[in-house]
Protein chains: 2
Amino acid sequence: MKNLLLSKVYQLLEPGPVVLLTTSHKGRANVMTMSWHMMVDFEPPLIACIVSDRDHSFAALRATKECVIAIPEVDLAEKVVAIGNCSGRNVEKFSAFHLTPGQAEKVSAPLVGECFANIECRVVDTRLVNRYGLFVMEGVKAWIDPARENPKTIHHKGFGKFIVDGETIELTSKMP
Amino acid sequence: MKNLLLSKVYQLLEPGPVVLLTTSHKGRANVMTMSWHMMVDFEPPLIACIVSDRDHSFAALRATKECVIAIPEVDLAEKVVAIGNCSGRNVEKFSAFHLTPGQAEKVSAPLVGECFANIECRVVDTRLVNRYGLFVMEGVKAWIDPARENPKTIHHKGFGKFIVDGETIELTSKMP
């Protein structure tokens, strides 16, 4: 994994991929599947996401205010769904799904070795947590696997239906 | 355009497509391009989005608390970028881009006839508006064009690079 400029984080999340979110709390790592997230600002990268109080990760995220957003490619799709179909309440997901935890630099939550990108995040705003489970976080360190070129991500359409990234088109834009 | 159940709105937005956001303020309609949005809840559908105070639409959205999120297919990609490359300050975008405004049922902002789906929204939470331009909205009425099957949307990767929807895969999931 190589350092990724924080100013490029939005390019990973703006397309709306399904991601994994890891936490570490009381000596125990956990990981959930998530696709309700969006960019809030470019640099430092601010990211909003929804982690429901029904999710086992909610307590860890609220208490530690730290997580890692890891982005899987389509080859991990079945695993990503399986991770979303069970709870950290009764499953040690890292071992159950043969995920390789990596040491993050700025947070205690683990990186996911199988993902092509990992973003270490700290929660910076909790005003909408009680009402919606909406956390605003800052990306404080980002990693990318340079060996993977043009990684194809997946996008959830509901009930286990996913769209895989197709062709890329380029249009003249003034938008960053 | 046909009525779409509000419980299905998340299936349109969760994959992270680039969308158009329309407003109507002081008798003037406007439209912007946006891809910083996410689902917040299923039903009623709650949607969060970022509209910066540098966007001309910001004042209209804050004042009227109403908008329409319209979802374009890939055939509109060039138009979507052009809409994002100019400002409602000095362009009448609906006429400049030959968009067909449609009468919404519950809000004053117009539907976009060229888009395959339109979601009428009312702002329900403005606590994070001053700090981040983050609006939480409720989808109050949704429309879909039944003539368009499997519409392909676009996802922004930065600087005018877009991914087009590719193949669909189905995996057994307990996730809605």
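Residues numbered from 1 in each chain as written. Chains lettered and ligands numbered in written order. Predicted model: local features only at pLDDT ≥ 70, side-chain atom pairs only at ≥ 80, totals over all residues. Heavy atoms only, no water.

The cut-off we apply is this: UniProt positions are given in the numbering used here, feature names are shortened, and annotations may be inferred rather than shown by experiment.
The name an unreviewed UniProt entry gives chain A is Flavin reductase family protein, with Methylocystis parvus as the organism. According to the UniProt record, the Sequence similarities (unreviewed entry) comment for chain A reads "Belongs to the flavoredoxin family." What UniProt states about chain A under its Cofactor (unreviewed entry) heading is, verbatim, "FMN".

**Looking at the overall build of chain A**
Inclusion rule: Helix and strand assignments come from DSSP, with helices taken as H or I runs of at least 4 residues and strands as E runs of at least 2, each series counted from the N terminus. In this description the radius of gyration comes from C-alpha coordinates, and the expected globular size is given by 2.2 Å times residues to the power 0.38. Burial status follows relative accessibility: with a 1.4 Å probe on protein chains alone, a residue under 20% of its type maximum counts as buried, one over 50% as exposed, and anything between as partly exposed. We get accessible surface area from the Shrake-Rupley algorithm with a probe of 1.4 Å; when it comes to residues, only the shown protein chains can shield them. Charge assignment: positive for Lys and Arg, negative for Asp and Glu; neither His nor the chain ends contribute. To locate a charge, take NZ of a lysine, CZ of an arginine, CG of an aspartate or CD of a glutamate.
Along its length, chain A carries five helices and 12 strands. Taking 16 Å as the expected radius of gyration for a compact globule of 176 residues, we find that chain A reaches 15 Å, a close match to that expectation. With the C-alpha coordinates aligned to their principal axes, the bounding extent of chain A is approximately 50 × 35 × 30 Å. Within chain A, the proportion of its 176 residues that are buried is 60%. Summing over all exposed atoms, chain A offers an accessible surface of approximately 7400 Å²; the carbon and sulfur share of this is 48%. The distance from the centre of the 20 positive side-chain charges to the centre of the 20 negative ones in chain A is 7 Å.

**Re the confidence of the model for chain A**
The line we're drawing: Summary of the metric used: pLDDT quantifies the predictor's per-residue confidence within the range 0 to 100.
Residues with a pLDDT of 70 or more make up 99% of chain A, whose mean pLDDT is 96. Complex prediction metrics read pTM 0.97 and ipTM 0.96.

**Concerning the interface of chain A and chain B**
To keep it simple, the criterion reads: In what follows, residue pairs with any heavy atoms lying within 4.5 Å of each other are defined as contacts. Summed over both partners, buried area is the accessible surface (1.4 Å probe) that two parts give up on being assembled. Whenever a nitrogen or oxygen atom comes within 3.5 Å of another N or O atom, the pair is scored as a polar contact, on the condition that within protein one atom can donate a hydrogen and the other can accept it, and that pairs from neighbouring residues in sequence are kept only if both atoms are in side chains. A strand pair is defined by DSSP finding two or more bridges across the two strands.
Taken together, the contact between chain A and chain B spans 54 residues of the former and 54 residues of the latter. A buried area of about 5300 Å², summed over both sides, lies between chain A and chain B, and 63% of it is on carbon and sulfur atoms. Seen at the junction of chain A and chain B, the total is 21 residue pairs in polar contact (both at pLDDT 80 or more). With 10 residues, strand S12 (residues 161-170) of chain A is the single largest residue contributor to the side of chain A that touches chain B. In the sheet, S12 of chain A pairs with strand S12 (residues 161-170) of chain B via seven bridges, with the strands oriented antiparallel. Following the sheet pairing, Glu 170 of chain A is matched in S12 of chain B by Lys 161 of chain B.

**Observations regarding the relation of the copies chain A and chain B**
For clarity, the threshold we go by: Our superposition of the copies is a least-squares fit, built on the C-alpha atoms of residues whose pLDDT is at least 70 in both.
You can overlay chain A on chain B at an RMSD of 0.0 Å; the transform is a turn of 180° with a shift of 0.0 Å along its axis. With respect to symmetry, the two chain copies, as superposed, fit the operation of a two-fold axis.

**Some details on the packing of aromatic side chains**
Our working definition: Two aromatic rings from Phe, Tyr or Trp, using only the six-membered ring of Trp, form a pair when their centres are within 6.5 Å; if the ring planes differ by under 30 degrees the pair is stacked, by over 60 it is edge-to-face, and anything between is tilted. We count a charge as sitting over a ring when the NZ of a lysine or the CZ of an arginine lies within 6 Å of the ring centre and within 35 degrees of the ring normal.
Under the counting rule described, the total for this entry stands at six aromatic pairs over all chains. Between the aromatic rings of Phe 58 of chain A and Phe 135 of chain A, the centroid separation amounts to 5.9 Å while the plane-to-plane angle is 70°, which identifies the pairing as edge-to-face. Of the two residues, Phe 58 of chain A is situated in helix H2 (residues 57-64) and Phe 135 of chain A in strand S10 (residues 134-144); the sequence distance between them amounts to 77 residues. Here the aromatic residues Tyr 10 and Phe 42 of chain A together with Trp 36 of chain B are joined through ring pairs into a cluster of three or more. The side chain of Lys 141 of chain A reaches across the aromatic face of Trp 143 of chain A, ending 4.6 Å from its centre.

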